[in-house]
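Structural overview
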Amino acid sequence: MKPRIRVYATRIPAVLLAAVIFATGVWLFARHMQLGAITADWGWLYRAGQVIHTHGLPDHDLFSWTFPDRHWVLYQWLFEAIAAPIYDRLGLVGSVFGVDFLGVATYALVPALVLRRDRVHPVWPMLIGALVLIPVSTNLGLRPMLASNIALLAQYVVVRRLRADATTLPRAVIAIALIYALWSNMHLGFTLGLFSIVLFAAGDLWTRARDREAEACGPATYALLLIAAVLASGLNPYGWTLYAYIVHLSLETRMNAHIHELMPPRADNAYMQVGAALLGVFALLALTYRRVLSAAEILHVAAFAAAAFTAMRFVIWAGLFYALVAPRLIAYAAGCWSPPRLRAALAPLDGRGPRFIGIAALCALAVLIITVGAPAATGRAHLADCAPLRRALVYLDRHYPPGTHWFSSETAGSCARFYTPERRVFIDTRFDMYPEDFVLHWFFAYQHRKHWRALFDRWAIRVVLLARGAPLVDALRGDPAWRLVYHDPDALIFERISDRRGAHAGPTRASSAD
C-alpha cells in the first residue's frame, strides 16, 4: 500500500469515528429535549415574565387560590423578563431549538474555544461535550438554571485567565462583580458560584504548597473575588436577604425530600449510566496521570459530581465542569496511548485551518441533527407532562366558575398556566412559595397516604383533576361523596356530589374525550 493511501486509510476512519460519537451524543440530547426542554415549570415562569413587563415585579402570589396574599420572593425575575418575550417570538419549537443550541454551545463549543490555550485539539472538547449532553439532558430545560450555567462558565473563564496571568486582578474583580449583579437576579444558583471560588482557592492553596511556579492564585486574590461576588449579589430587589431565604429553604428538609430534582438520580436510567461511565473514565485517568490537571480542576469535577449523586438538580453543573476539565486529561491520555502511525496520520489535522474546519463541520452537523434529525425521529416538540392534561384542563375551565376550589397535582397546577392562564390553582411547582406544612399535606393527600378527606374539607375542594394512574383515583372512585364527570385517555375529573346545590356544579353525567 502506498504511503499516501495508508495515511488516508488511517485518517478517514478516525474522522468518521469522531463524527459518529459526536452525532450520537447530540442526537440523544436533542431527542430528549424535543420531549422535555419545555417543562411544566415554564408555565408560571412565562406568565410571571409577562406580568413583570405589564405591571412590574409582583409582591404577592398571582397564581394560587390557596395563598393569594402570600409574599412571593421572585428571585429569578430577570430571567423571566428576558425569556418570556423570546418565547413569544420563537414559539415552542423555536425555543426548544434555542435550548438545544445553547446546550451544544455551553458544553461543547465554548469548552473547545477555552481549551485552545492548552493546545487541546478542539475535537476532544466537542466529542466529550456531546457525550456529557446525554446525562445533562435529564434535567436541562428552559428554566433559570440556564442562567447559572452561563454564569458558572463565565466565572470559570475569568478565574482561569487570572490564574494564567492573562488578565489583571482589577479586571477580574470587575468581571466577577458584573456576573453576580446579573446572576443574583436570575437564579439562586449564584451560591454555586461562591462555592466554585472556594474550590479554586482550596485547590490553588494545595497546588502552591507543592509547586510555587504552578499557575495558581493566592488566598488574598480569592478573598477579593469572594468579597466582590458577595457585595454584587446584593444588587437585587431583595438585597442580601436572599441569603437568609436560601438558608430557610435549605432547612425545609421534610418538603425537600419529596421534590423530584432534589432526589438522587436513578441508577437504572441509561442516560445517568452514561454519566457514571464518564466519571469512571475520569477517575481512572486522573489517578494514572496525576500531574496533568490542577487540584482546583479536580476539585470542581469531584465536588459537583458528588452533589449530582445526591440530587439530580446538580447533574447539569457537574456536566459543565466535566466538559471544561476532562478534555485536557483525555487528550493527554490518548496521546500517550495512540500508536505513532496514527499520530503521524492525524498530525496534519492539527493546524489552525483544519481545527477551524473541524469545529465548523461538527457545529453544522449539530444544527442538522437538532433541526431535522431529532424532530423527524420524535415528532414535533411538545410541552413535557402538560400535553396529556390539556383536554382535562380546558374542560374544567369551560364547565366550572373561576372561583371553584379545585385540587390537582403540582404538574397540573403549573400546566394550567399554558391552557387556562386566568384560573388560579391549588398548588403548582413553586414549592418554595408555599408553606412547608401545606406542601406536605398536599403530597400525602395526592399520594393517598393519609388525611386526604380532611385536606379536602379544610380547603372546601369541589373538583379534583387527576392523571390516570394517580394513587387518589381509586379512592375517589370508591367514595360515594364523589362522582366522575370527565375522563379521557390521560386524565379524569371528579366532582363532590354534596356540593351540587346552589352554584353551578358542572355536567350531570360523565363526559368523555376518548
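We now turn to the structure provided with this report. (Residues numbered from 1 in each chain as written. Predicted model: local features only at pLDDT ≥ 70, side-chain atom pairs only at ≥ 80, totals over all residues. Heavy atoms only, no water.)

A word on the overall build of the protein. Scanning the protein from N- to C-terminus turns up 20 helices and five strands. When each of the 514 residues of the protein is scored for burial, the buried share is 53%. Relative to all contacts within the protein whose residues are 6 or more apart in sequence, the contacts with residues 24 or more apart total 74%. A total of about 23,300 Å² of accessible surface is found on the protein, and carbon and sulfur atoms cover 63% of it. (Helix = DSSP H or I, 4+ residues; strand = E, 2+ residues; numbered from the N terminus. Buried < 20%, exposed > 50% of the residue type's maximum accessible area, 1.4 Å probe, protein only. Contact = heavy atoms within 4.5 Å. Areas by Shrake-Rupley, 256 points an atom, 1.4 Å probe, with all protein chains shown as cover.)

Using the criterion set out here, one finds 35 aromatic pairs in the structure. A ring pair is formed by Tyr-156 and Phe-321, whose centres lie 5.9 Å apart and whose planes are at 55°; its orientation type is tilted. Of this pair, Tyr-156 sits in helix 5 (residues 145-163) while Phe-321 sits in helix 13 (residues 315-337); the two residues are 165 residues apart in sequence, bridging distant segments of the chain. Across the pair, exposure class does not vary: Tyr-156 and Phe-321 are buried alike. Centre to centre, the rings of Phe-431 and Trp-442 are 6.0 Å apart; their planes meet at 40°, and the pair counts as tilted. Highlighted residues: Phe-431 in the loop between helix 17 (410-419) and helix 18 (436-446) and Trp-442 in helix 18, separated in sequence by 11 residues. On the accessibility criterion, Trp-442 (3% relative accessible area) is buried. Through a chain of ring-to-ring contacts, three or more aromatic side chains come together here, namely Trp-65, Phe-67, Phe-407, Phe-426, Tyr-434, Phe-438, Trp-452, Phe-456, Trp-459 and Trp-482. Over the ring of Trp-72 we find Arg-430; its NZ or CZ atom is 4.7 Å from the centre of that ring. (Phe/Tyr/Trp six-rings, centres within 6.5 Å; stacked < 30°, edge-to-face > 60°. Lys NZ or Arg CZ within 6 Å of the ring centre and 35° of its normal.)

Counting buried positions along strand 2 (residues 463-467) yields four of five residues, so the element is predominantly enclosed. Sheet analysis places strand 1 (residues 406-407) next to strand 2, joined by two bridges and oriented parallel. Bridge pairing links Trp-406 to Val-463 in strand 2. Bridge analysis of strand 2 against strand 4 (residues 491-496) gives five bridges, and the strand direction is antiparallel. Looking across to strand 4, one finds that Val-463 is bridged to Glu-495. (Pairing = 2+ DSSP bridges.)

Our focus in this paragraph is the state of the cysteines. If you walk through the whole model with that rule in mind, you get one disulfide. At a sulfur-sulfur separation of 2.0 Å, the disulfide partner of Cys-386 is Cys-415. One quick way to see it: the torsion about the S-S bond of Cys-386 and Cys-415 is about -80°, and its sign makes the bridge left-handed. On the criterion of sequence distance, the pair formed by Cys-386 in the loop between helix 15 (352-378) and helix 16 (390-399) and Cys-415 in helix 17 is long-range, its members being 29 residues apart. As far as the burial class goes, Cys-386 and Cys-415 line up, both buried. (Disulfide = S-S within 2.5 Å.)

In this structure, Trp-42, Tyr-180, Phe-407 and Phe-426 are the most contacted members of the largest nonpolar core, which totals 160 residues. If one sorts the elements of this core by residue count, helix 13 sits on top with 14 residues. Filtering out sequence-adjacent residues up to four positions away, Phe-426 remains in contact with Ser-64, Trp-65, Thr-66, Trp-406, Phe-407, Tyr-434, Phe-438, Trp-442, Leu-455, Trp-459 and Ile-461. (Core = buried A, V, L, I, M, F, W, Y, C linked by side-chain atoms within 4.5 Å.)

By the secondary structure assignment, Thr-39 is in the loop between helix 1 (3-36) and helix 2 (41-55). Those residues within four positions of Thr-39 in sequence are excluded, and the remaining contacts are Arg-143, Ala-384 and Phe-418.

Before going further, it helps to examine a nonpolar patch on the surface. Together, Ile-227, Val-230, Leu-231 and Trp-240 make up a nonpolar patch on the protein surface, roughly 380 Å² of accessible area in all. With respect to the element layout, Ile-227 can be found in helix 8 (residues 219-233). (Patch = residues over 30% accessible without salt bridge, like charges linked within 9 Å, V, L, I, M, F, W, Y side chains within 5 Å. Salt bridge = Lys/Arg side-chain N within 4 Å of Asp/Glu carboxyl O.)

Turning our eyes to something else, we now look at the environment of Asp-41. Topologically, Asp-41 is positioned in helix 2. Along the sequence, Asp-41 and Ser-414 sit 373 residues apart, while their C-alpha atoms lie 6.1 Å from each other. Here Asp-41 is in contact with Arg-143 and Thr-429, once residues within four sequence places are set aside. In terms of polar contacts, Asp-41 uses its side chain to reach the side chain of Arg-143, at 3.2 Å. (Polar contact = N/O pair within 3.5 Å; in protein donor to acceptor, adjacent residues only side chain to side chain.)

This part covers helix 4 (residues 123-136). In this model helix 4 runs 20 Å from its N-terminal to its C-terminal C-alpha over 14 residues, within 8% of the 20 Å that 1.5 Å per residue would give. For helix 4, a buried count of 11 out of 14 residues is recorded, marking the element as mostly surrounded by other parts of the structure. Within helix 4, burial applies to Pro-125, Met-126, Leu-127, Ile-128, Gly-129, Ala-130, Val-132, Leu-133, Ile-134, Pro-135 and Val-136. (Expected span 1.5 Å × (residues − 1).)

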